[in-house]
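# Notes for the structure review
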Amino acid sequence: MEVLSSRVLLLSADPERLQAFYRDRIGLPIHREYPGGIVFFAGNGLIEISSHLKTDAPSPASDAALWLQVRDAEATEKQFRDRGVTVLREPRQEPWGLIEMHAEDPDGRRIIVVEIPADHPLRKDTR
């Protein structure tokens, strides 16, 4: 299989509310809009929320979570709180060395915001 492109599709009983959340509260930049849908930039990936994929389930959140890397987790926490985003857990350094904060979207989907410290192995050039 040759994968040319990929994106995460978020299903929602209220896609317009979810689109507004990721656009206005989280502040993701828009990659493309089309009738009934928005595709957001999310680092090296894309997140699409489409009205034509509307689910009848009141809360489609599952064990899946979004992992979003940021430059500064504390600044992101402040931005989220200022914009009314539900922060479930403040940023803290995990035993594996990453700084993580947990938030939640309107459908109960977990958003894991990650800051990679300068001295973490993920920052090292392995070539």
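Since we're looking at a predicted model, the values are computed, not measured.

## Observations concerning the overall build of the protein chain
Each helix and strand counted, the protein chain has 2 helices and 8 strands in total. In the protein chain, the order of α-helices and β-strands from amino to carboxyl end is β-α-β-β-β-β-α-β-β-β. In the protein chain, once contacts between residues fewer than 6 apart in sequence are set aside, the share between residues at least 24 apart is 48%. Carbon and sulfur atoms make up 49% of the accessible area of the protein chain, which totals about 8,000 Å².

## As for the nonpolar core
Membership of the largest hydrophobic core comes to 21 residues, with the highest contact counts inside it found for Leu10, Tyr22, Ile26, Phe80 and Ile111. Elements with a minimum of two residues in this core: helix H1 (15-25), strand S3 (37-42), strand S4 (45-50), strand S5 (65-69), strand S7 (99-104) and strand S8 (110-115). Every residue in contact with Tyr22, bar those within four places of it in the chain, is listed here: Leu10, Gly27, Leu28, Phe40, Ile49, Leu66, Asp105, Arg109 and Ile111.

## Describing the pattern of salt bridges
A full pass over the atoms with the stated rule returns 8 salt bridges. Of the charged contacts in the structure, one is a salt bridge between Asp24 and Arg23, with a shortest N-O distance of 2.9 Å. Glu94 serves as the salt-bridge partner of Arg89, at 2.5 Å between the closest nitrogen and oxygen. We classify Glu94 as buried; its relative accessible area is 11%.

## Observations concerning the sheet that holds S8
Read from one edge of the open sheet, 4 strands run S5-S8-S7-S6, paired in mixed fashion. Looking along the sheet, the strands with just one partner apiece sit at the ends: S5 and strand S6 (86-93). Put simply, the sheet's adjacent strands are angled 15° from each other on average, direction ignored. Lying over the sheet, helix H2 (residues 73-82) contacts S6, S7 and S8, oriented at roughly 170° with respect to S6.

## Digging into the environment of Arg23
In this structure, Arg23 sits in helix H1. The sequence separation of Arg23 and Phe40 amounts to 17 residues, and the corresponding C-alpha distance is 7.9 Å. With sequence-adjacent residues up to four places away left out, Arg23 is seen in contact with Leu28, Ile30, Ile38 and Phe40.

## Focus on the pairing of S4
In terms of residue burial, S4 counts as a mostly covered element, since 5 of its 6 residues are buried. With 2 bridges joining them, strand S1 (residues 8-9) and S4 adopt parallel strand pairing. Residue pairing across strands places Leu9 opposite Glu48, the latter belonging to S4. Turn length for the S3-S4 hairpin, with the two strands adjacent in sequence and antiparallel, is 2 residues, and the turn residue Gly43 shows positive phi of about 65°.

## Description of H1
Among the residues of H1, those classed as buried are Pro15, Leu18, Gln19, Phe21 and Tyr22. Burial along H1 is one-sided: seen end-on, the buried residues are contained in an arc of 160°. Where H1 is buried, its residues meet S3, S4, S5, S7 and S8.

How each quantity is defined
- Residues numbered from 1 in each chain as written.
- Predicted model: local features only at pLDDT ≥ 70, side-chain atom pairs only at ≥ 80, totals over all residues.
- Heavy atoms only, no water.
- Helix = DSSP H or I, 4+ residues; strand = E, 2+ residues; numbered from the N terminus.
- Contact = heavy atoms within 4.5 Å.
- Areas by Shrake-Rupley, 256 points an atom, 1.4 Å probe, with all protein chains shown as cover.
- Core = buried A, V, L, I, M, F, W, Y, C linked by side-chain atoms within 4.5 Å.
- Buried < 20%, exposed > 50% of the residue type's maximum accessible area, 1.4 Å probe, protein only.
- Salt bridge = Lys/Arg side-chain N within 4 Å of Asp/Glu carboxyl O.
- Pairing = 2+ DSSP bridges.
- Axes fitted to C-alpha atoms, helices over the stretch in contact; angles between N-to-C directions.
- Arc of directions from axis to C-beta.

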